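Listed below are the residues making up each chain.
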Amino acid sequence: MSRILLRQINIAEKRVLAHLTTKRALTMNLSATRRLTQTKNLLSPVNMKKMSTTASTNVSGLEAAQTEIIPKSNLAVRELILNRPSKYNALNLPMVRAMRQELQAWEKSNLAKVIILKSCGGKAFCAGGDVEIVIDLAEAKDPNATKFFEEEYQLDHLIATLDTPFVSIMDGITMGGGVGLSVHAPFRIATENTMFAMPETAIGFLPEVGGSFFLSRLDGQIGTYLGLTGKRLSGTDVFYSGVATHFVPSSRLPALESRLSELEHANYEMINSAIEEFSAELENEPSFSLTGETRNAIDRCFKYDSVDEIMVALEKEPETEWKKETVKALNKMSPTSLKVTLQQIRNGSTLSLAQCFKMEYHLVQKFLEGHDFKEGVTAKLVRKDTAQWKPSSLKDVDDSKIKQQYFDSPSPLRLELLSNRDFKMYPHRKYMLPSEEDIKRVVTGESADVGNYALNRQQVIEHLVRERHGKQGLKQKVLEVLDRKTIENQKDEDKSLKWVY
């Protein structure tokens, strides 16, 4: 073949490639423009009025098909139903505002005794916030980009501090923004369909919606592990990890909702007892997957205060499937996101819930200005390819610069919450399984009502069963912790336990 002909072919190929690249870029820009236009239309005063309904209004079938939040009344119960199944009930600003208005009205009503949040059915409870729209708004320098996070955090904090008991039914995919709607509530129900994750580091973001608060309060280093790796938990794992307070088979949910609606003078104890009535008999359900040597490895590796040290610790671990999966996951994440997330979780362990939300709102503004969040969302949801992080490796991300740029330097906007209520520990945690710290206090005698005598295994279990009124799953959780963290005193004929530090 002649050189002239080869040159002509190369020129033609380059023109075709240039045409396809331009066409693809135009298509992506048109899609972003279309989404941005739709969002601005949704946020117009006329459409916001359509989205809003009064708390006492029942939504007809036709209206329900057109709205993304369906409020319902059923005797003593008020329900919020997430109704955006084509988007896995991903949150947008109109949905956040509609829920806030309903909750504020119900909080003032003497007729609303219990509030239930659930989805309309399908695969998802709520798969997160609609980050594509957020990125489009940020690119257009539209203030509604930060407005979404501001009002989302206000809603999450409102749910956490309501007087009216709030029950979140996480029957399906529960990620990001869906976690924010659930994890701070006093009652959080997982089912066999629940799939929980905080996958934000995979899109160049951080596990916010109060993630710095709840992740730092899970047992040992489980929260750090989940926040950095985006590890998914399913079904009973969501319950045993402490993310959910109860595990109820999905087939029992209609009967449970009916039972809750009959509680005319409902209080927290009555609601807890009602949910326990319908909870699964966990002897026949899968046990917690993050136990034994896997759990020990999590605590060994993720106890460090730098991501570099965590990676070194992982390399020293034996070659197991868990190690391979964990290292592979971390290597895919945004290096900047990993380092910010670790610092965020460490800071959150000493902060109140309100302080955590305010810190995260500050961090979000930094991420909206940066490269990786936009790149991660575009790669994952638009281009469907591998994100190109900047910087691309952990060694190129300086820890001191992360602290200075993301944590120490100010942001233009500050978060104002709707309620002055605040706490450093969840006020209704007694309805959860006991934490590892709770179990430790019984074993060591630090718990106020244990007495002066060291207890053996059976006595520890009996004490906690009495304290938590026979809660389903308690024996399984306590036995797993005792197997891993205690030894029997062989010199004591009662075989009392000693805690292993």
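In case you missed it, the structure is sitting above this.
For clarity, every value in this text was computed on a predicted model and none was experimentally measured. (Residues numbered from 1 in each chain as written. Predicted model: local features only at pLDDT ≥ 70, side-chain atom pairs only at ≥ 80, totals over all residues. Heavy atoms only, no water.)

In spatial order, the strands read 1-2-3-5-7-10; together these six strands make up an open sheet with mixed pairing. Two strands lie at the open edges of the sheet, namely strand 1 (69-74) and strand 10 (246-247), each paired on one side alone. Where strand 7 (residues 187-190) meets strand 10, two bridges bridge the pair, whose relative direction is parallel. Across the sheet, the residue bridging to Ile189 is His246, located in strand 10. Most of the contacts of helix 4 (residues 93-108) go to strand 2 (residues 77-82), to which it runs at about 180 degrees, and overall it touches strand 1, strand 2, strand 3 (114-119) and strand 5 (166-170). Helix 11 (residues 253-261) rests against strand 1, strand 2, strand 3, strand 5 and strand 7 of the sheet, and its axis sits at about 160 degrees to strand 3. (Pairing = 2+ DSSP bridges. Helix = DSSP H or I, 4+ residues; strand = E, 2+ residues; numbered from the N terminus. Contact = heavy atoms within 4.5 Å. Axes fitted to C-alpha atoms, helices over the stretch in contact; angles between N-to-C directions.)

By the element assignment, Glu151 lies in helix 6 (residues 144-160). Residue class for Glu151 comes out buried when judged on its relative accessible area of 5%. Ignoring sequence-local partners within four residues, the contact set of Glu151 consists of Leu93, Val96, Arg97 and Arg100. (Buried < 20%, exposed > 50% of the residue type's maximum accessible area, 1.4 Å probe, protein only.)

The next subject is the packing of aromatic side chains. Any aromatic ring pair is given by two values, namely how distant the centres are and how the planes are angled relative to each other. All told, the structure shown has 18 aromatic pairs when counted by the stated rule. For the ring pair Phe187 and Tyr431, a centre distance of 5.2 Å and an interplane angle of 35 degrees mean the geometry is tilted. One end of the pair, Phe187, is in strand 7; the other, Tyr431, is in the loop between helix 19 (399-408) and helix 20 (436-444), with 244 residues separating them in the sequence. With respect to burial, Phe187 and Tyr431 carry one shared label: buried. A ring pair is formed by Phe239 and Tyr240, whose centres lie 5.4 Å apart and whose planes are at 45 degrees; its orientation type is tilted. A single burial state applies to Phe239 and to Tyr240, both of which are buried. An aromatic cluster is built from Phe148, Phe149, Tyr153, Phe205, Phe357, Tyr361, Phe367, Phe373 and Tyr406, whose rings are joined through pairwise contacts. In this structure, Arg188 is placed above the aromatic ring of Tyr426, and the distance from its NZ or CZ to the ring centre is 5.9 Å. (Phe/Tyr/Trp six-rings, centres within 6.5 Å; stacked < 30°, edge-to-face > 60°. Lys NZ or Arg CZ within 6 Å of the ring centre and 35° of its normal.)

For helix 17 (residues 353-369), built from 17 residues, the straight-helix expectation of 24 Å at 1.5 Å per residue is met to within 8% by its first-to-last C-alpha distance of 25 Å. Counting buried positions along helix 17 gives 14 out of 17 residues, so the element sits mostly inside the fold. (Expected span 1.5 Å × (residues − 1).)

A few words on the packing of helix 4 against helix 6. Taken N-terminus to C-terminus, the directions of helix 4 and helix 6 make an angle of 30 degrees; their axes are 9 Å apart at the nearest point. The pairing of helix 4 with helix 6 is recorded here as roughly parallel in orientation. Both helix 4 and helix 6 take part in a crossing whose hand is left-handed. Of the residues in helix 6, those in contact with Leu93, Val96, Arg97, Met99, Arg100, Leu103 and Gln104 of helix 4 are Asn144, Lys147, Phe148, Glu151, Glu152, Leu155, Leu158 and Ile159. (Parallel < 35°, antiparallel > 145°, perpendicular 65-115°, else oblique. Left-handed = near helix turned anticlockwise from the far one by under 90°.)

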